Amino acid sequence: MQLVVCPGSFDPIHNGHVDIITRAAKIYGSVLVAVSHNSAKTYRFSLQERLALAEETFAPFAGVKVVALPEGQLLADFVRESGSVLMLKGLRNSSDLDYEAPMASMNRHLSGVETCFLASDPLYSQLSSTLVKDVARFGGDLAPFVPLPVLRALGQDAA
Ligand code: ADP
């Protein structure tokens, strides 16, 4: 069993994230979901809310743990210090790759941490947290795209 880190702001977590993280858990055995927070940024959900939503979502998955990424710490250092073998990200399209490739290269130079990518499931390759928030604002049905805790937090309780 190996540990990998899946970082992101998860504002909020959606089924594209869940798909990548659960596939990573199947491959590596253990995943640390690292929820980032940047006080200069505006979020829809607070760090505590984003952590709670991810924790509730992954409660049934023994191999997945959710933590806050310490603000101000280099992600590459966090990954190395956590004992993870690598950081893992999802790729939706070539824009994601263009954005991620320089960070992957820099992180490897900074602390020897490698980044691996899993291709997004085509079901979710157009999905983003921004789109989820936009659709939620206008009352669109998000049940196929977000886990139940997020659906509830967006005021769309299916129960
Ligand atoms: P950010 O790190 O920019 O805050 P997110 O929190 O949305 O981004 O995403 C965290 C990680 O999940 C990133 O690696 C991102 O590429 C990946 N990701 C985001 N949306 C999807 C999706 N629909 N399918 C697969 N991976 C995704």
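Here's what I pulled together on the structure shown here.

Conventions adopted
- Residues numbered from 1 in each chain as written.
- Predicted model: local features only at pLDDT ≥ 70, side-chain atom pairs only at ≥ 80, totals over all residues.
- Heavy atoms only, no water.
- Helix = DSSP H or I, 4+ residues; strand = E, 2+ residues; numbered from the N terminus.
- Rg over C-alpha atoms; globule rule 2.2 N^0.38 Å.
- Phe/Tyr/Trp six-rings, centres within 6.5 Å; stacked < 30°, edge-to-face > 60°.
- Lys NZ or Arg CZ within 6 Å of the ring centre and 35° of its normal.
- Polar contact = N/O pair within 3.5 Å; in protein donor to acceptor, adjacent residues only side chain to side chain.
- Contact = heavy atoms within 4.5 Å.
- Near = heavy atom within 4 Å.
- Nonpolar A, V, L, I, M, F, W, Y, C, P; charged D, E, K, R; others polar.
- Core = buried A, V, L, I, M, F, W, Y, C linked by side-chain atoms within 4.5 Å.
- Buried < 20%, exposed > 50% of the residue type's maximum accessible area, 1.4 Å probe, protein only.
- Pairing = 2+ DSSP bridges.
- Axes fitted to C-alpha atoms, helices over the stretch in contact; angles between N-to-C directions.
- Salt bridge = Lys/Arg side-chain N within 4 Å of Asp/Glu carboxyl O.

Helix and strand counts for the protein chain come out as six helices and five strands. Each helix and strand of the protein chain, placed in order from N terminus to C terminus, yields the pattern β-α-β-α-β-α-β-α-β-α-α. For 159 residues, the compact-globule formula gives about 15 Å, and the C-alpha radius of gyration of the protein chain, at 15 Å, lands near that figure. For the protein chain, the C-alpha atoms occupy an extent of roughly 45 × 30 × 30 Å along the three principal directions.

A ring pair, where both rings are aromatic, is described by two values, the distance of the centres and the angle of the planes. According to the stated counting rule, one finds one aromatic pair in the structure shown. Stacked on the ring of Phe 45, the Lys or Arg Arg 44 has its end atom at 4.4 Å from the ring centre. Cation over ring: Arg 50 sits above Tyr 43, and NZ or CZ is 3.9 Å from the ring centre.

Tracing the sequence through the fold places Thr 22 in helix 1 (residues 15–28). Among the polar contacts listed, one links the side chain of Thr 22 to the backbone oxygen of Val 18, at a separation of 2.8 Å. Once you skip the residues sitting within four places of it in the chain, Thr 22 turns out to touch Phe 58 and Phe 61.

Before going further, it helps to examine the site of the ligand. The environment of the ligand is made up of 17 residues, and the closest members are Ser 9, Phe 10, Gly 90, Tyr 124 and Leu 127. Separating a nitrogen atom of the ligand from a side-chain N or O atom of His 14 is a distance of 3.5 Å. In this structure, Ser 120 approaches the ligand through a side-chain N or O atom, which is 3.2 Å from a nitrogen atom. Contributions of two or more residues to the shell around the ligand are made by strand 1 (2–8), helix 1, strand 4 (86–91) and helix 4 (94–111). Per-element tally for the shell around the ligand: the top contributor is helix 1, with three residues. Counted by class, the shell around the ligand contains five nonpolar, eight polar and four charged residues.

Burial of nonpolar side chains together is a common tendency in soluble globular proteins. Formed by 32 residues in total, the largest nonpolar core has its most connected members in Ile 13, Ile 21, Val 31, Val 33, Phe 58 and Leu 88. Of all elements in the fold, only strand 1, helix 1, strand 2 (29–35), helix 2 (47–58), strand 3 (64–68), strand 4 and helix 6 (148–153) reach the threshold of two or more residues within this core. When residues in this core are grouped by element, the largest group, six residues, is from helix 1. In this structure, Ile 21 is in contact with Cys 6, Phe 10, Ile 13, Val 31, Val 33, Phe 58 and Val 64, ignoring residues within four places of it in sequence.

Turning next to the sheet that holds strand 1. Strand order across the open sheet formed by five strands is 3-2-1-4-5, with parallel pairing between neighbours. The sheet is open, and its two borders are formed by strand 3 and strand 5 (115–119), each paired with just one other strand. Adjacent strand axes in the sheet meet at a mean angle of 30 degrees, parallel and antiparallel pairs treated alike. With five bridges connecting them, strand 4 and strand 5 associate as parallel partners.

This structure, assessed with the given rule, holds eight salt bridges. Across the salt bridge formed by Arg 92 and Asp 96, the nearest N and O atoms sit 2.9 Å from each other.

Right, let's get into unusual backbone geometry. The amide bond that connects Asp 11 to the next residue, Pro 12, takes the cis arrangement and shows omega of 0 degrees. Locating Pro 12 in the fold gives a position in the loop between strand 1 and helix 1. With a phi close to 50 degrees, Phe 10 is a non-glycine residue in the positive phi region. By the secondary structure assignment, Phe 10 is in the loop between strand 1 and helix 1.

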